[in-house]
Structures are given as structure tokens and as C-alpha cells.
Amino acid sequence: MTESGSGKWVNPLRDDTDKRLPRIAGPSGLVIFGVTGDLARKKLLPAIYDLANRGLLPAGFTLVGYGRRDWSKQEFCDYVQKAVREKSRTEFRQHVWDHLAQGIEFVSGSFDDAGFDSLASRLRELDAARGTGGNWAYYLSIPPQFFSTVCHQLQRVGLTYSEEDSWRRVIIEKPFGHDQKSARELNEIVNAVFPESSVFRIDHYLGKETVQNIMALRFANQIFEPMWNGHYIDHVQITMAEDIGLGGRAGYYDGIGAARDVIQNHLLQLLALVAMEEPVSFEPSALQAEKIKVLRATHPVHPLNKTTARGQYAAGWQGSEYVKGLREEEGFDPESTTETYAACTLEINSRRWGGVPFYLRTGKRLGRRVTEIALVFKEAPHQPFHAGQISALGQNAVVIRVQPDEGVTMRFGSKVPGSEMEVRDVNMDFAYTQAFTEESPEAYERLILDALLDQSSLFPTNEEVELSWAILDPILEYWASGGTPEDYPAGTWGPPAADQMLERHGRAWRRP
Ligand code: BG6
């Protein structure tokens, strides 16, 4: 705290220009394990600075990096500052940084006993010096094989027990297992140390504004919900397409593949939000209960050889650049059979969604980066036009554009101006950038703040994670039982089998 000109004590991390009195975290600190990794550098550290810059962190907020490097406090501060200057969303303000930097600490250690003993004594000193009040969140940005060691070490040195007036939480990054069985084992390990209410599993898609807008769109309005069901909707397409390749990510990705990387988590969470019933409130337990219900009713459609597709990118033209295929990427097995494209057909056994296929697809090195959810409508039961007049009319659609140009599109037919009656598809668009002046926070800003505030609505529970694996496991087992992914040239929209999946039913993927 510093004294302002008016003689009042003010928190310099608080942005008083924001009159909506945002939710501000109480006294607390964050320890990051894996702080030298890519995720911390590109997302977590910049998000912490952005929160500080927006005035959403408490004055004594303390960030502790834990890692094997022999860094001094100053060396770690320099590392954090570099990440912040390179990647933060908000502008760099020296006074905000100077204040934040006072609470930046580094504890050098590995996952052995001695390191955790020093961590424990350092955190106690910091509680006294910085007023963190014993409130610590531990961010595990480390491979899951170390979750157990870290949780047990934290427990051994007494850092896991929430007391009456203080709390301890753990924030966990994916991958959360590689199938239902391993996810369950991981949950048991984590829950043996931290009660479920103190576990915050990150699915960064839930931190995106546009994903939260699915709930606003559906439940704050009257016009959509009456047609949000199988009476009107023919099918749903959920697409997460990326143009980037996997250079530099072999260690994580080879052997994991697209389905485990993003369908199990991001795409199934999108499906749950789009398909769930209205929750009784937006309290975590109410929201999670609805997601769990819909995930429990979701299953792959059989036979899997006709309802799923997988591919691997081969060399090709990505825009004006000729790029390598996966098997030529550094670090990947030249014989790798890891899929970089995955598509599947799911059904939801409920009155609302019976008979409506949900087509999910994701891929790397596709035509362009786009994530969207398209609800494609049935054709009108009767058309008072003759065929020629509506030959350019497709199916109506509501498209939730998650990224990059965030918004919602409604697609419907309209009369082409002229003396003839001719109907053609048109789009009616809502774009975030035009409708609002506020910039959306980064997903990690929202999620880190929510974890500090004990708001768990945007974090999948152990049950959601396990149910999501249960949906995917039969498909992964089928793929593992034989065959290899089809090659598709970089810059295209995936393997032919993905198109055939829909063509069989007279449907086609949208070309976003
Ligand atoms: C991550 C996946 O969870 O999400 C990556 O591991 C993927 O493979 C990334 O590239 C995409 O995130 P975003 O926010 O850029 O869509």
C-alpha cells in the first residue's frame, strides 16, 4: 500500500478507472511448478501481470516460481518481466510492474525432499512478510507423471491443509490422463491430498468469453431456446481448426494425438454447454450437474469405421509457405501414426437431442484457424417456391464463432433483389469487436482469478473429466486396433474420410 496525494492509503495495483468494481482476489499467493515451461512463459506469467494491471490482485500478491534452475530473485524477476513484455495483453506500466515485482520470488529445488522443505519455510516467511495469510494456490504446469510426487511432497511439508481462516488450492493443467482409467487414477492421487473443492482443473476454453457467451445466448434470450432441439435442428458441427503445425511439440504430442489433445476436453466441454439443460443457477454445483447429465447421455455413434475419421498432415502449402509433414517435423518418429486430425459422430440420448448427430472435428495444419459451433437446421417442411427459386438456399444455421472473429452468425434465406423470386443464403452477424468496446480478457486471466476467488464454475470436475474419457475411449480403442491415419496435405481441410462421414447422410462440413 502507498499513500496517495489525498492522504488515503491506496492499492497501486488497482485500476480505479474501472468503475464496475470488479471482483478482486483477497490476500493470496500463487506457486507455479513448471515455471520455465512454454505455458508459463506464454500464458500464465503474462496473465498474472494483466490481472495486476487491471487491479484485480491483492496488494500483497506473491508469485513464487519453483524450479531446478539456480536463479536468484532478480534473475527470476527478469525472466518474468521478459515474458510479460513479450506476451501481456495489456500495456506495460512501470509502476504496476514495480509493485508486482516486489512480490516475485524463486525457490530453487527439484521434486525431492530438500526442495520442498525450503519451499515450505519460504512460504511461511512470505505469509509474515507479505500478508498472504496462508492462502496459496499451487499451479501444476508439469507433466502428469509428476502430479503424485508434487502433491505428496506438498502434503509432507504441511502445505496442503486449508485452515479455518486460510486456504490451499491446486490448479492442474491437462493432459488429465490418457483414458478413463488413468484419469481416475490421477483423480484418486490428487483427491487423496486435496479435497475436490480445492482442485481446479484447467480447460482454458471455458475461460474464453465466447464460450461463456454460449450460456448467455441460450439462457438470457427467448428466441433461441424454443428451437434448440431435435424438432428443428438437423445436426450440430463443432469445429476447432488450427493452421499451425506441431514443430517443437513432439515430446507432448507424439503418441497423444488430436482426439486426446482437444476433443476429450475443449470440444466435449463445448458440446456440454451447447447441449445441456438450463441450470437452476450458475453456481458451480448447478452448472456442473447439468454438464455431467449431458455428458453421461453422450455416446459415439457406431459403426466407428463410418462415423469417425483420423488423419495426419503431410507436406503441403499453408498459404504461401511450403511446410513439412508431421513425420518430418523435428522430434517426431518418422514412422509416427499419431493423428493430427480427428473427427467423430456423437449422439446424445435425451428427449431434446434424440436423432441429432453431433459432428466434432479438429486438426492441425488445416486451411485456417477457426473454432465454431454450428447448429444446422432442418429444412422447412414445405416450400411454397419452385425448385429453381430456392436452388441457392441452404439450411438455416446459428453459428457461434468462438475464434478468431468472435461473434454469432445467423444464416437464412433472403430474396435476391430483382423482378424474379429467387431466394439465396445470407448472413446476419453479431461481432464482439463491433458491439463492445471492451477487449476480452485472456482465458488464463479469468481462470487464475477465479481459482484465487474460489469460483469453480469454469473448471471441469473429476466426474466430467472421467465421463469425457468414457465417451472417447471406444473411439481410441477402435483406432488402436488397426489401421493408420490417412495423410492429408497441409493447408487442406483434412482427410477424405472426414467428408465421407457426413456425405453418407447427405450432409457436408461447413467451410468456415
Ligand atoms: C491446447 C492444445 O489445449 O489448445 C493445443 O494442447 C492447441 O494443441 C491449443 O493448439 C489451442 O488453444 P487456442 O486457445 O489457441 O485455441
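Thresholds, definitions, all that
Residues numbered from 1 in each chain as written. Predicted model: local features only at pLDDT ≥ 70, side-chain atom pairs only at ≥ 80, totals over all residues. Heavy atoms only, no water. Axes fitted to C-alpha atoms, helices over the stretch in contact; angles between N-to-C directions. Helix = DSSP H or I, 4+ residues; strand = E, 2+ residues; numbered from the N terminus. Parallel < 35°, antiparallel > 145°, perpendicular 65-115°, else oblique. Left-handed = near helix turned anticlockwise from the far one by under 90°. Contact = heavy atoms within 4.5 Å. Nonpolar A, V, L, I, M, F, W, Y, C, P; charged D, E, K, R; others polar. Near = heavy atom within 4 Å. Polar contact = N/O pair within 3.5 Å; in protein donor to acceptor, adjacent residues only side chain to side chain. Expected span 1.5 Å × (residues − 1). Buried < 20%, exposed > 50% of the residue type's maximum accessible area, 1.4 Å probe, protein only. Arc of directions from axis to C-beta. UniProt positions renumbered as here; feature names shortened; annotations may be inferred. 1 Å grid on protein atoms, 1.4 Å probe; cavity = no way out; pocket = protein on both sides within 12 Å on 5 of 7 lines; lining within 4 Å. Phe/Tyr/Trp six-rings, centres within 6.5 Å; stacked < 30°, edge-to-face > 60°. Lys NZ or Arg CZ within 6 Å of the ring centre and 35° of its normal. Core = buried A, V, L, I, M, F, W, Y, C linked by side-chain atoms within 4.5 Å. Salt bridge = Lys/Arg side-chain N within 4 Å of Asp/Glu carboxyl O.

Draft legend 1. Representation of the packing of helix 1 (residues 38-53) against helix 13 (residues 443-452) in the model. Two elements in contact, helix 1 and helix 13, have axes separated by 8 Å at closest approach and are oriented at 65°. Looking at the two axes, helix 1 sits roughly perpendicular to helix 13. As for how helix 1 packs across helix 13, the hand of that crossing is right-handed. The residues of helix 13 that touch helix 1, namely those facing Leu39, Lys43, Leu44, Ala47, Ile48, Asp50 and Leu51, are Tyr444, Glu445, Ile448 and Leu449. Taken together, the residues of the contact of helix 1 with helix 13 break down into eight nonpolar, no polar and three charged.

Draft legend 2. Layout of the site of the ligand. Contacts to the ligand come from 13 residues, most closely from Tyr205, Lys208, Glu242, Asp261 and Gln403. Between the ligand and Glu242, the relevant distance is 2.6 Å, taken from an oxygen atom to a side-chain nitrogen or oxygen of the residue. When residues in the shell around the ligand are grouped by element, the largest group, three residues, is from helix 9 (residues 257-275). Along the lines of polarity and charge, the residues of the shell around the ligand split into three nonpolar, three polar and seven charged.

Draft legend 3. Representation of helix 4 (residues 113-130) in the model. Counted at 1.5 Å a residue, the expected span for helix 4 with its 18 residues is 26 Å, and the 25 Å between its end C-alpha atoms agrees. Regarding helix 4, the residues found buried are Gly115, Phe116, Leu119, Ala120, Leu123, Leu126, Asp127 and Arg130. The arc enclosing the buried residues of helix 4, seen along the axis, measures out at 140°, which places them on a common side. Exposed side chains of helix 4 directed beyond 90 degrees from the buried face belong to Ala114, Ala128 and Ala129. In this fold, the buried residues of helix 4 make contact with strand 3 (29-33), strand 4 (62-67), helix 3 (94-102), strand 5 (104-108), strand 6 (136-140) and helix 5 (147-156). Two residues or fewer past helix 4, Gly131 is found with a positive phi of approximately 70°.

Draft legend 4. Quick peek at the UniProt feature "domain: Glucose-6-phosphate dehydrogenase NAD-binding" (unreviewed entry) in the protein. The sites that carry the UniProt feature "domain: Glucose-6-phosphate dehydrogenase NAD-binding" (unreviewed entry) are, in the present numbering, residues 31-213. Overall, residues 31-213 shows 48% helix and 15% strand. The separation of its end C-alpha atoms is 31 Å.

Draft legend 5. Geometry of the UniProt feature "binding site: NADP(+)" (unreviewed entry) in the protein. The feature "binding site: NADP(+)" (unreviewed entry), as annotated in UniProt, sits at Arg68 and Lys174 in this numbering. From this annotated list, the subset lining the largest cavity comprises Lys174. Here Arg68 lies in the loop between strand 4 and helix 2 (73-87). In this structure Arg68 comes out as exposed when scored by relative accessible area, which is 72%. In contact with Arg68, not counting residues within four places along its chain, are Ser108, Gly109 and Ser110. Residue position: Lys174 is located in the loop between strand 7 (168-172) and helix 6 (180-193). Here Lys174 falls in the partly exposed class, since its relative accessible area comes to 23%. Leave out the neighbours within four places in its chain, and Lys174 touches Ile202, Tyr252, Asp261, Asn265 and His266. A distance of 3.3 Å separates the side chain of Lys174 from the side chain of Tyr252, its partner in a polar contact.

Draft legend 6. Structural context of the packing of aromatic side chains. Taken as a whole and assessed by the stated rule, the structure comprises 23 aromatic pairs. A centroid spacing of 6.2 Å and a plane angle of 90° characterise the contact between Phe430 and Phe436, whose relative ring orientation is edge-to-face. Put simply, the rings of Trp71, Phe76, Tyr79 and Phe106 touch in pairs and so form one group of aromatic residues. Of note, Arg85 hangs over the ring of Phe92, and the distance from its end group to the ring centre comes to 3.8 Å. The cationic tip of Arg169 hangs over the ring face of Trp167; the distance from NZ or CZ to the ring centre is 3.6 Å.

Draft legend 7. Highlighting the nonpolar core. Counting residues in each nonpolar core, the largest one holds 147 residues, and the members touching the most others are Leu30, Phe33, Leu119, Phe358, Leu360 and Ile373. Residue contributions to this core peak at 12 residues, all from helix 9. Excluding anything up to four places from it in sequence, Phe33 contacts Tyr66, Phe111, Phe116, Leu119, Tyr138, Tyr139, Leu140, Ser141, Ile142, Val150 and Leu154.

Draft legend 8. Focus on unusual backbone geometry. At the junction of His302 and Pro303, the peptide bond is cis and its omega measures out at 0° in the coordinates. If you trace the backbone, Pro303 turns up in the loop between strand 10 (298-300) and helix 11 (304-307). For the bond running from Gln403 to Pro404, omega is 5°, close enough to zero to count as cis. Counting through the fold element by element, Pro404 comes out in the loop between strand 17 (397-403) and strand 18 (407-415). Backbone geometry at Arg365 places phi at a positive 55°, although glycine is not the residue there. Among the residues examined, Arg365 registers a relative accessible area of 14% and is labelled buried. Unlike most non-glycine residues, Asp454 shows phi in positive territory, near 65°. Relative to the elements of secondary structure, Asp454 occurs in the loop between helix 13 and helix 14 (462-480). Taking relative accessible area as the criterion, Asp454 reaches 40% and is therefore assigned partly exposed.

Draft legend 9. Seen up close, the pattern of salt bridges. This structure, assessed with the given rule, holds 33 salt bridges. The shortest N-O distance in the salt bridge between Lys43 and Glu442 comes to 3.8 Å. Taken together, the positions of Lys43 in helix 1 and Glu442 in the loop between helix 12 (432-435) and helix 13 put the pair 399 residues apart, joining distant regions of the chain. Because the salt bridges share partners, they merge into one network encompassing Arg54, Arg89, Glu439 and Glu445.

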